Amino acid sequence: MKLHCEVEVVSRHLPTLGLRNRGKGVRALLSLCQQTPPNQLQPSTGDGPGGPHLACLLVSTMKDKRGSRYELKGNVERFFTRFVDDGKATVRLKDPPVDVCLSKANSSNLKSFLSAVRLAHQGGNISASLAALTPVKASEFENFKTKMVITSKKDYPLSKNFPYSLEHLQASYCGLVRVDMRILCLKNLKKLDLSHNHIKQLPATIGDLVHLQELNLSDNHLKLFSVALCQSTLQKSLQSLDLSKNKIRVLPQQFCQLRKLTDLKLDDNELIQFPFKIGQLTNLRFLSASRNKLSCLPSEFRHLSLEYLDLFGNTFEKPKVLPVIKLQLPLTLLESCARTVLHTRIPYTPHIIPYHLCQDLDIAKTCICGRFCLNSFIQETTTVNLHSIAHTVVLVDTMGGSEAPIYSYFCSLACYSHSSAMLK
């Protein structure tokens, strides 16, 4: 039985000597091998007269193909398997006193391998799973790829799986109409490029790729980016997202929960508006949404602090002269409760209140005074100089303009009057 993974062997004597380990694993091949006891002259199998083979753990690397050997029977002090579903585990040995730290392993293969190690430690018969105690070949490390680039349909693997160790996968111009489920098993993926295909829908299980940092889906047939993806583990990992050249009209309000985003490309879609809470993307530095159908920017857009902004080729409208007044006096019970919940930051979920109320709260407007308003507000359209939002700005139109219309909201007549007086 063999296992491809990254391994770090840590001596527990180092701290007593004032030393530290490197803290970084190396690519390795772990094997459960058979070793014959010194007093056994003839090798044997099973539980025959010569007795069962003893199992040992062989850790081989590209630099050390002969490997380091560790006995297993009665020699394991403890197994650490809390993160085994993430492809991580540690086997603590008694003699020598080392911790064999495993990472970037296929989780199912890792579980099977640890079960065999545990059985060998207990003295069980695992002769059928044992390999010969021989140096590994360089070809056995070829499966431990971290990058694969496929740029044509004929090169796309149909009869074999992707190497589980992949961290960067590009599958462009392959004619894919859906995301291959085999890709979703690559738990170590950091970069996934599925651009220039015919994908129409994204499975929610993409959110299970816990290490995914860059996702390129440009030039496909996507019409939406689902709420499930916005609320997945991508919130903690995704930094770069390319959705350009698709057919997306609206992004969900939950999109703004992807707060690790630094780069966002939305060019050549059919976007009619940005999410209301786009100002919550505080790490965003690069935003490109040229050639869409944006008519006006949301009020929180001015809260962004960008290095690069491109909004060229959108159908921005001229600011309206008169404000839109939707004040409700007295405030309805719904409006009063909504303002209180948002102002006091009371947490809410669909498990606590109805889903439609959660949706209303998610799109609440923010007044210039910092308070919130739901259905009772005054809306005014003004212009904003995009240079106040981004260091580098691509001109909005061919006339050299760098201003765009933006909504402003006021929770009361007093706030609106105060703002008008300030402008004068």
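About the criteria used
- Residues numbered from 1 in each chain as written.
- Predicted model: local features only at pLDDT ≥ 70, side-chain atom pairs only at ≥ 80, totals over all residues.
- Heavy atoms only, no water.
- Core = buried A, V, L, I, M, F, W, Y, C linked by side-chain atoms within 4.5 Å.
- Buried < 20%, exposed > 50% of the residue type's maximum accessible area, 1.4 Å probe, protein only.
- Helix = DSSP H or I, 4+ residues; strand = E, 2+ residues; numbered from the N terminus.
- Contact = heavy atoms within 4.5 Å.
- Phe/Tyr/Trp six-rings, centres within 6.5 Å; stacked < 30°, edge-to-face > 60°.
- Lys NZ or Arg CZ within 6 Å of the ring centre and 35° of its normal.
- Pairing = 2+ DSSP bridges.
- Axes fitted to C-alpha atoms, helices over the stretch in contact; angles between N-to-C directions.
- Salt bridge = Lys/Arg side-chain N within 4 Å of Asp/Glu carboxyl O.

Asker: Is there a simple way to think about the nonpolar core in this case?
Answerer: Here is a general trend for soluble globular proteins: nonpolar side chains tend to be buried in one another's company. Counting 62 residues, the largest nonpolar core has F225, F255, F274, L297, F301, L311 and L386 as its most contacted members. Breaking this core down by element, the ones donating at least two residues are β8 (147-150), β9 (168-171), α2 (227-230), β15 (306-310), β20 (390-394) and β21 (403-410). Sequence-distant contacts of F274, that is, excluding residues within four places in its chain, are made with L266, L287, A289, L294, L297, P298, F301 and L311. Listed in part, the 27 residues of the second largest apolar core include A28, L57, L72 and F113.

Asker: Even after reading the chapter, I still don't get the environment of V7, so can you show me in this structure?
Answerer: In this fold, V7 is placed in strand β1 (residues 2-11). In this structure V7 comes out as buried when scored by relative accessible area, which is 4%. Here the alpha-carbon distance between V7 and V26, two residues 19 residues apart in the chain, equals 5.4 Å. Those residues in contact with V7 that lie beyond four places of it in its chain are G25, V26, A28, L30, V59, V100, C101 and L102.

Asker: For this particular structure, what's the right way to read the packing of aromatic side chains?
Answerer: Aromatic rings considered in pairs are described by the distance between their centres and by the relative angle of their planes. Evaluation of the coordinates by the stated rule reveals seven aromatic pairs. Relative to F162, the ring of Y156 lies with its centre 5.8 Å away and its plane at 75°, an arrangement referred to as edge-to-face. Residue Y156 is classed as buried on the basis of its relative accessible area, which comes to 9%. Three or more aromatic residues link up through ring pairs in this structure, and these residues are F377, Y407 and Y409. Over the ring of F79 we find R118; its NZ or CZ atom is 4.4 Å from the centre of that ring. A cation sits over an aromatic face here: K365 above F276, 5.8 Å from the ring centre.

Asker: What is the right way to look at unusual backbone geometry in this model?
Answerer: For residues other than glycine, phi is negative in most cases, and the peptide bonds are mostly trans. A cis amide bond links D95 to the next residue, P96, at an omega of 0°. Along the chain, P96 turns up in the loop between β6 (89-93) and β7 (98-103). The peptide bond linking L329 to P330 adopts the cis configuration, its omega dihedral lying at -5°. Inspection of the secondary structure assignment puts P330 in the loop between β16 (324-325) and α4 (333-343). With phi around 60°, D219 is a residue other than glycine that occupies positive phi space. When you line up the elements, D219 lands in the loop between β11 (214-216) and α2. Backbone geometry places R345, a non-glycine residue, at a positive phi of 60°. Position of R345 among the secondary structure elements: in the loop between α4 and α5 (355-362).

Asker: For this particular structure, what's the right way to read the sheet that holds β21?
Answerer: Sheets are built from strands paired through backbone hydrogen bonds, the pairs being either parallel or antiparallel. Across the sheet, three strands lie side by side as β16-β19-β21; this open sheet has antiparallel pairing. Looking along the sheet, the strands with just one partner apiece sit at the ends: β16 and β21. Relative to β21, strand β19 (residues 378-385) is paired through eight bridges, and the arrangement is antiparallel. In the sheet register, E380 faces β21, and the bridge partner there is S408.

Asker: Explanation requested: the sheet that holds strand β10 (residues 191-193) in the structure shown.
Answerer: The nine strands are arranged β8-β9-β10-β11-β12-β13-β14-β15-β20 in an open sheet whose pairing can be described as parallel. The sheet is open, and its two edges are formed by β8 and β20, each paired on a single side. Recorded for the sheet is a direction-independent mean angle of 5° between the axes of neighbouring strands. Bridge count for strand β12 (residues 240-242) against strand β13 (residues 263-265) is three bridges, and the pairing is parallel. If you follow L241 over to β13, its bridge partner there is L264.

Asker: Would you mind going over the pattern of salt bridges with me for this structure?
Answerer: For the structure on display, the rule yields eleven salt bridges. The closest approach of N and O atoms between K104 and E6, which form a salt bridge, is 3.6 Å. Remark: E6 occurs in strand β1 and K104 occurs in the loop between β7 and α1 (107-121); sequence separation between them is 98 residues. Salt-bridge contacts for R339 lead to E335; the nearest nitrogen and oxygen are separated by 3.0 Å. Note that R339 and E335 are positioned in helix α4 at a spacing of four residues, about one turn of the helix. On the basis of relative accessible area, R339 is assigned to the buried category, the value being 17%. Relative accessible area serves as the criterion here: at 1%, E335 is assigned to the buried category.

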